[in-house]
Amino acid sequence: MNILRDEGLAGQGRQKIEWARAYMPALARLREVFLREKPLEGTVIATSVHLEAKTANLALLLKDAGAEVFATGCNPLSTQDDVAAGLASYGVAVTATHGCDPAEYTRQLSAALSCSPHLVLDDGGDFAELLHGQCSEYAARVVGATEETTTGVSRLRARMAAGALRYPVYAVNDADMKHLFDNRYGTGESVWAAIMATSNVLLAGKTAVVAGYGWCGRGVAMRAAGLGMKVIVTEIDAVKAIEAVMDGHTVMTMDEAAACGDFFVTVTGVRDVIAPRHFHKMKDGAILANAGHFDVEIDVAALRSGSTRCFEQRANILGFEQPDGRVLNLIAEGRLCNIAAGNGHPAEIMDMSFAVQALALTDMLKVGPSLNPGVYNVPREIDIKVSAYKLAALGVGIDKLTEAQEAYRHHF
Ligand SMILES: NC(=O)c1ccc[n+]([C@@H]2O[C@H](COP(=O)([O-])OP(=O)(O)OC[C@H]3O[C@@H](n4cnc5c(N)ncnc54)[C@H](O)[C@@H]3O)[C@@H](O)[C@H]2O)c1
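Along each chain, numbering runs from 1 in the same order as the chain's sequence is written. Since the coordinates come from a predicted model, pLDDT governs what is reported: local features require at least 70, and pairs of side-chain atoms require 80 or more to be given and counted, while whole-chain, interface and lining totals use all residues. Hydrogens and water molecules were not included; the side-chain quantities draw on all heavy atoms of the structure.

Topic: the site of the ligand
Then, in step 1: Throughout this document, a residue counts as near a molecule or strand when at least one of its heavy atoms sits within 4 Å of that molecule or strand. In the vicinity of the ligand, 27 residues are found, and the nearest of them are T149, T150, T151, E235 and A291.
Then, in step 2: One nitrogen or oxygen atom from the side chain of T151 is found 2.5 Å from an oxygen atom belonging to the ligand.
Then, in step 3: We define a polar contact as two N or O atoms separated by no more than 3.5 Å, with the added condition that, inside protein, one atom must be a possible hydrogen donor and the other a possible acceptor, whereas residues neighbouring each other in sequence contribute only through side-chain atom pairs. Residue N183 places a side-chain N or O atom 2.9 Å away from an oxygen atom belonging to the ligand.
Then, in step 4: Only the protein chains shown count as cover for residues, and the accessible areas themselves come from Shrake-Rupley with a 1.4 Å probe. Here the ligand has 860 Å² of accessible area as a free molecule, and 87% of this is covered by the chains.
Then, in step 5: Helix numbers and strand numbers start at the N terminus; a helix is a DSSP run of H or I with at least 4 residues, a strand a run of E with at least 2. Elements supplying a minimum of two residues to the shell around the ligand: helix 7 (150–161), helix 8 (176–199), helix 9 (215–226) and helix 14 (337–340).
Then, in step 6: Domain assignment of the residues forming the shell around the ligand places at least three in each of domain 1 (7–178 + 345–394) and domain 2 (184–340). Boundaries of every domain are those given by an automatic assignment or by a domain database.

Put into structure tokens, the structure is as follows:
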């Protein structure tokens, strides 16, 4: 049974799904193959991913491959109710509503898992949490899973180290065709698109503080520089800090950067990166946004309790008045801003990530029964196949090694 905000939004949702589909050529190529070969015939799949137009296209692709698909979100603020209704109208079971409270969110994820899936697609690890806890009865039939994001993979590795993981999982995030493009170019572009659309303030000449210079942070910093901003990076890893310096950014501690930033973006996967001692130093009007998976990177509870007033400035921006009169502005309540206050990554980016997902799931169906529980790299052939689809779609040719060159590479 579906859990939707409003079935009547289906038409609008279908329009969004079809718009995204036109920019997803790798999925189109896979659809041709999957419709012919039906590699997921008879398979039940539960998906927990940000429920918007690109994800809907992935769910429909899995359906075209023969699977019965049960889709839910992975963050209450990123679910788009019209897309959820549109996806349901195509015959996918959907249990997701925008902005639901934590108890309802858990109910919706549990409802999706009650299909007793063979395969599970997770984004952030909330399905895994349930399958190892209050929904453990549904874990028995799980052949394997895929995990979309950095934070989810870290959680799974921690669970594996504790000997408590029940099934094998492909770390889709770690595939080259995922993190090199999705985390860097997708997050880089969509974070600033969301901040611009939400705030409507000028970026050029301002100072952006980017916390974390991993795959996402590199993209966020690169695009900030491209938009004419001065970029300060904060890091805890010496190598990444040096990389940021050599990329032309200023590196300092958050204690120093707090007073300098007009915009702050956290992308670390770690909690309390911006804490009360930083709020005390920030400029009046500073805009704070998180792009890490969970809403823990900015200490929102402390921001709230240390403020004299909290009020809605604009849609998706809360103002927090400080005892000295300064106002700090928080986008999307500290949840990942590009999805909760924007449209997420561009469709061309998710085309690659979701092509990896679809191939990883079909592969997991075959190999899962013979794998021990654990976190596995996506087979290299999947990266190669998706990159070939993408190159073909871009109309880009690349050179091939000659036999002599091949032999030369292997000589010693
Ligand atoms: N918003 C999105 O659309 C989106 C997309 C992909 C990933 N993510 C999420 O973004 C987060 C980062 O992902 P990633 O792939 O860049 O991870 P990553 O591991 O490549 O990078 C994280 C970086 O943060 C640094 N870091 C850790 N603690 C820090 C601290 N206290 N201060 C400053 N730097 C610190 C680490 O040293 C590392 O360089 C994860 O939560 C991931 O799930 C979000």
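Text resumes after the structure shown.
Quick notes on the sheet that holds strand 14 (residues 327–331)
Sheet strands pair by backbone hydrogen bonding; their relative direction is either parallel or antiparallel.
Then, in step 1: We treat two strands as partners when DSSP finds at least two bridges between them. Overall, mixed pairing links the 8 strands, which are arranged 9-8-7-10-11-14-13-12 in an open sheet. The outermost strands of the open sheet, each flanked by one partner alone, are strand 9 (250–251) and strand 12 (309–314).
Then, in step 2: As paired elements, strand 7 (residues 207–211) and strand 8 (residues 230–234) share 5 bridges and run parallel to each other. Residue pairing across strands places V210 opposite V233, the latter belonging to strand 8.

Concerning the pairing of strand 10 (residues 263–266)
A regular strand carries its side chains on alternate faces of the sheet.
Then, in step 1: The alternating pattern of strand 10 places F263 and V265 on one face and F264 and T266 on the opposite face, and all of these are buried.
Then, in step 2: Here strand 7 pairs with strand 10 via 4 bridges, running parallel. Counterpart to A211 in the pairing with strand 10 is T266. Buried, partly exposed and exposed residues are distinguished by accessible area as a fraction of the type maximum, computed with a 1.4 Å probe on protein chains only: under 20%, between the cut-offs, and over 50%, respectively.

Quick notes on the packing of aromatic side chains
Then, in step 1: The pairing test for Phe, Tyr and Trp rings, Trp by its six-membered ring, is centres within 6.5 Å, and the orientation test on the planes gives stacked under 30 degrees, edge-to-face over 60, and tilted for anything in between. Across all of its chains, the model carries 3 aromatic pairs by this definition.
Then, in step 2: Between the NZ or CZ atom of R14 and the centre of the ring of Y90, over which it lies, the distance is 4.1 Å.
Then, in step 3: Only Lys NZ and Arg CZ are tested; either one counts as a charge over a ring when it is within 6 Å of the ring centre and within 35 degrees of the ring normal. It is R309 that lies over the ring of F311; its NZ or CZ is 4.1 Å from the centre.

Description of the sheet that holds strand 3 (residues 93–95)
Then, in step 1: Reading across the sheet, the 7 strands line up as 3-2-1-4-5-6-15 and stay open at both edges, with parallel pairing between neighbours. Here the strands that pair on one side only, and so sit at the sheet edges, are strand 3 and strand 15 (374–376). Taking each pair of neighbouring strands and ignoring which way they run, the sheet shows an average axis angle of 20°.
Then, in step 2: Across 3 bridges, strand 2 (residues 68–72) lies against strand 3 in parallel orientation. When the bridges of strand 3 are listed, A71 appears paired with V94.
Then, in step 3: Residue contacts are defined here by distance: any two heavy atoms, one from each residue, within 4.5 Å place the two residues in contact. The axes used here are C-alpha line fits, helices contributing only the stretch in contact, and every angle between their N-to-C directions lies in the interval 0 to 180 degrees. With respect to the sheet, helix 3 (residues 53–64) is in contact with strand 1 (44–48), strand 2 and strand 4 (119–122), its orientation differing from that of strand 2 by roughly 165°.

Overview of the domain arrangement of the protein chain
Then, in step 1: You can read the domains of the protein chain as domain 1 (7–178 + 345–394) and domain 2 (184–340).
Then, in step 2: Buried area: the sum, over both parts, of the accessible surface (1.4 Å probe) that disappears when the two are put together. Of the roughly 1,200 Å² buried between domain 1 and domain 2, counting both surfaces, carbon and sulfur atoms make up 65%.
Then, in step 3: A per-residue breakdown of the area domain 1 buries against domain 2 is headed by L77, T151 and H345, which together make up 43% of the total.
Then, in step 4: Whenever a carboxyl oxygen of Asp or Glu lies within 4 Å of a side-chain nitrogen of Lys or Arg, that contact is scored as a salt bridge. Where domain 1 touches domain 2, the interface holds 0 salt bridges.
Then, in step 5: Applying the counting rule to domain 1 against domain 2 returns 4 residue pairs in polar contact (both at pLDDT 80 or more).
Then, in step 6: Gly is put with the polar residues, along with every residue not named as nonpolar or charged; the nonpolar set is Ala, Val, Leu, Ile, Met, Phe, Trp, Tyr, Cys and Pro, and the charged set is Asp, Glu, Lys and Arg. Here the side of domain 1 that touches domain 2 is built from residues that sort into 5 nonpolar, 7 polar and 3 charged.

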